[in-house]
Amino acid sequence: ACGKALGAVPMSTVGYEKRFNASLAHAGQEEKFVDFILSGQPAPPLYFARMKQQNRDGVPLLGPVPQPRQLSTANLAAIDGQKTAIVDTRAWDTFRKGHLPGSLWSPTTVQFPMVTGSYIEPNDEIVLVCEPHLVDELTRVLVRIGLDRIIGWVSPADVAAAKTLETTPEITAEAFKGHETERPVLDVRNEHEHAAGAIRDAINIAHTRLAPRVDELPKGEPI
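Residues numbered from 1 in each chain as written. Predicted model: local features only at pLDDT ≥ 70, side-chain atom pairs only at ≥ 80, totals over all residues. Heavy atoms only, no water.

Engineer: Before we go on, may I ask you to explain the side chain of H99 in this structure?
Structural biologist: With respect to the secondary-structure elements, H99 resides in the loop between helix 5 (92–97) and strand 3 (104–105). Discounting chain neighbours no more than four positions away, the residues touching H99 are D88, R90, L165, E166, T167 and T168. (Helix = DSSP H or I, 4+ residues; strand = E, 2+ residues; numbered from the N terminus. Contact = heavy atoms within 4.5 Å.)

Engineer: It is not clear to me how the packing of aromatic side chains should be interpreted in this structure. Could you clarify?
Structural biologist: Centre distance and the angle of the planes are the two values used to describe a pair of aromatic rings. According to the stated counting rule, one finds four aromatic pairs in the structure shown. Measuring from ring centre to ring centre gives 4.8 Å for Y16 and F20, while their planes differ by 50 degrees; the resulting arrangement is tilted. In this pair, Y16 and F20 both sit in helix 1 (residues 14–20), four residues apart, roughly one turn of the helix. With relative accessibility at 39%, the residue Y16 sits in the partly exposed group. An aromatic cluster of three or more residues is present, and its members are W92, F95 and W105. (Phe/Tyr/Trp six-rings, centres within 6.5 Å; stacked < 30°, edge-to-face > 60°. Buried < 20%, exposed > 50% of the residue type's maximum accessible area, 1.4 Å probe, protein only.)

Engineer: Where do I start with the side chain of T139 in this structure?
Structural biologist: Its place among the elements puts T139 in helix 7 (residues 135–144). Taking relative accessible area as the criterion, T139 reaches 0% and is therefore assigned buried. Here the side chain of T139 touches V135 through a polar contact of 2.7 Å, landing on its backbone oxygen. Apart from residues no more than four positions distant in its own chain, T139 is found in contact with V65, P66, P68, L128 and I150. (Polar contact = N/O pair within 3.5 Å; in protein donor to acceptor, adjacent residues only side chain to side chain.)

Engineer: What's the story with the sheet that holds strand 5 (residues 150–154) in this structure? I'm lost.
Structural biologist: Adjacent strands of a sheet pair through backbone hydrogen bonds, lying either parallel or antiparallel. The strand order across the open sheet formed by five strands is 1-5-4-2-3, and the pairing between neighbours is parallel. In this open sheet, the two edge strands, each paired with only one partner strand, are strand 1 (69–70) and strand 3. Across four bridges, the pairing between strand 4 (residues 126–129) and strand 5 is parallel. The residue of strand 5 that forms the bridge with I126 is I150. Strands in contact with helix 7 are strand 4 and strand 5; relative to strand 4, the strand with the most contacts, it is inclined by about 140 degrees. (Pairing = 2+ DSSP bridges. Axes fitted to C-alpha atoms, helices over the stretch in contact; angles between N-to-C directions.)

Engineer: Just checking my understanding: could you explain the pattern of salt bridges for this structure?
Structural biologist: Charged atoms that come close allow side chains of opposite charge to pair. A complete count under the given rule lists nine salt bridges for this structure. A salt bridge links R90 to D88, with the nearest nitrogen and oxygen atoms 2.8 Å apart. Comparing R90 with D88 shows no difference in burial state: the two are buried. In this structure, R140 engages D136 in a salt bridge whose closest nitrogen and oxygen atoms are separated by 2.8 Å. With a gap of four residues between them, R140 and D136 both fall in helix 7, about one helical turn apart. The network of salt bridges with shared partners includes D93, R96 and E170. (Salt bridge = Lys/Arg side-chain N within 4 Å of Asp/Glu carboxyl O.)

Here you go:
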C-alpha cells in the first residue's frame, strides 16, 4: 500500500539504482518523471492520512494494550452492526454463508489493517470475530493504526450458533456474463486495474477509498 514495485532490499547504492531503477530513465524530465511515479499506484487506505498526521503531531498515550472480553452467544443479539464495527476474520466461504448482520469481512493477512483502517473510525467500538489465539495479535495491529476501542471478541463457533445471521450470495464470472446491464456494477479494484479491463459502465471506487464515497452509489437497488 506504500507504493508500486517496492524492492525487497533494505538498503541500496547509487550504482544499483542507476542500473535498476526505472524511474531514473525520466530524470531531468519533470512531467514524465511525475507521470511515471504516479501511474499504477495503489489507492492508499484511508488511515494513511491519519497516520501521517499523528506521525507529525504525536499520538495520545494509550496505556496498557486493550484486553477485549469474550462475548457469548447470549450477547450477540445486543450487538448492532450499524453502531459497532464487527470485524469477521473467518474464511470467506464461511463468512458469506452466515455472519452477524452488518459485519465487515477482513482476512488476517496483510489486508487486515488496510480493510479495517479504511472502514472503521478511531471512535468506533470494535468487536472481533476470530480464534482465541488471534485476539491479542489483532488487537495490537488495530492499536498500531489508531483503532483502540476493541470492546470484545466472539469465537467462530458462537457466531455459527447465533440465531440471526446474514448471507452474502456469490456468483461466478461465467454466470455473470450476459447480465452485466441488469443492475449497477461496482468495481472495487485499483484504478490501474480497472483501466486494464473492466465491465462497461462499472463504477470504479477502490475498496480502500469506498467509505467516504459511498453516497455516489445508486440508492435503493441491488448492486
